[in-house]
Amino acid sequence: MKIYLNNEQSRQEIAQVMGTDLTGVNVVRYQSQDGYGIVAILNYYTDMDVELYVMGKGSWLNKQLLRHIFTYVFTMLNCKRCTARIESKNKKSINLVERLGFVREGELRGIDTYLYSLLREDCKWVAH
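Residues numbered from 1 in each chain as written. Predicted model: local features only at pLDDT ≥ 70, side-chain atom pairs only at ≥ 80, totals over all residues. Heavy atoms only, no water.

**Thoughts on the pairing of strand E6 (residues 103–108)**
Inference 1: Pairing between E6 and strand E7 (residues 113–119): five bridges, direction antiparallel. Along E7, the bridge assignment pairs Val103 with Ser117.
Inference 2: Here E6 folds back onto E7 in antiparallel fashion, the turn holding four residues, of which Gly110 has a positive phi close to 90°. (Pairing = 2+ DSSP bridges. Helix = DSSP H or I, 4+ residues; strand = E, 2+ residues; numbered from the N terminus.)

As structure tokens, this is what we get:
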């Protein structure tokens, strides 16, 4: 697996899907023989929280990659929590974040989106 940090092509690709400008946002692309994944690490709130936006194609998500992503968020960025927003109809993503240890905190009314969080002390993907 190859890892590309802040690759401009990946930034534009995920920005188009998200419908927003990602200038200055950390973007990581993971490329494997079976597919690719792009993770945008958004810091909208404070230095203690980031929001992850993930897109991919094929088989690319594995335990090694999860350790890499969460080590970056919780150790390198020193965040206390990680936030995910998921459309209520996206059952695959809901199942994934719940298996990863995220907890549903609520629903964003009017846009049918659930808000999930993972706290550093609850993350099984990094050493404490």
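**Some points on the side chain of Thr113**
Inference 1: Mapped onto the elements, Thr113 comes out in strand E7.
Inference 2: A polar side-chain atom of Thr113 sits 3.0 Å from the main-chain carbonyl oxygen of Ile111.
Inference 3: When neighbours within four sequence positions are excluded, Thr113 is seen to be in contact with Arg85, Ile86, Glu87, Ser88, Gly106, Glu107 and Leu108. (Polar contact = N/O pair within 3.5 Å; in protein donor to acceptor, adjacent residues only side chain to side chain. Contact = heavy atoms within 4.5 Å.)

**With respect to the environment of Asn90**
Inference 1: Examined against the element boundaries, Asn90 turns out to sit in the loop between strand E5 (81–87) and helix H3 (91–100).
Inference 2: Distance from Asn90 to Tyr114, taken between C-alpha atoms, is 9.9 Å for residues 24 residues apart in sequence.

**Some thoughts on the environment of Ile69**
Inference 1: Within the fold, Ile69 resides in helix H2 (residues 63–76).
Inference 2: On the basis of relative accessible area, Ile69 is assigned to the buried category, the value being 7%.
Inference 3: Expressed as a C-alpha distance, the spacing of Ile69 and Thr83, which sit 14 residues apart in the sequence, is 13 Å. (Buried < 20%, exposed > 50% of the residue type's maximum accessible area, 1.4 Å probe, protein only.)

**What about the layout of surface pockets?**
To find the voids left in a structure, one rolls a probe of water-molecule size over its atoms.
Inference 1: Space inside the largest pocket adds up to approximately 840 Å³.
Inference 2: Together, 31 residues line the largest pocket, and Tyr53, Val54, Arg85, Ile86 and Ser93 are the ones closest to its centre.
Inference 3: For the lining of the largest pocket, the secondary-structure elements that each account for two or more residues are helix H1 (8–18), strand E3 (35–42), strand E4 (49–58), H2, E5 and H3.
Inference 4: Looking at the lining of the largest pocket residue by residue, the classes come out as 22 nonpolar, four polar and five charged. (1 Å grid on protein atoms, 1.4 Å probe; cavity = no way out; pocket = protein on both sides within 12 Å on 5 of 7 lines; lining within 4 Å. Points joined across faces, edges and corners; volume = space filled by probe spheres on them. Nonpolar A, V, L, I, M, F, W, Y, C, P; charged D, E, K, R; others polar.)

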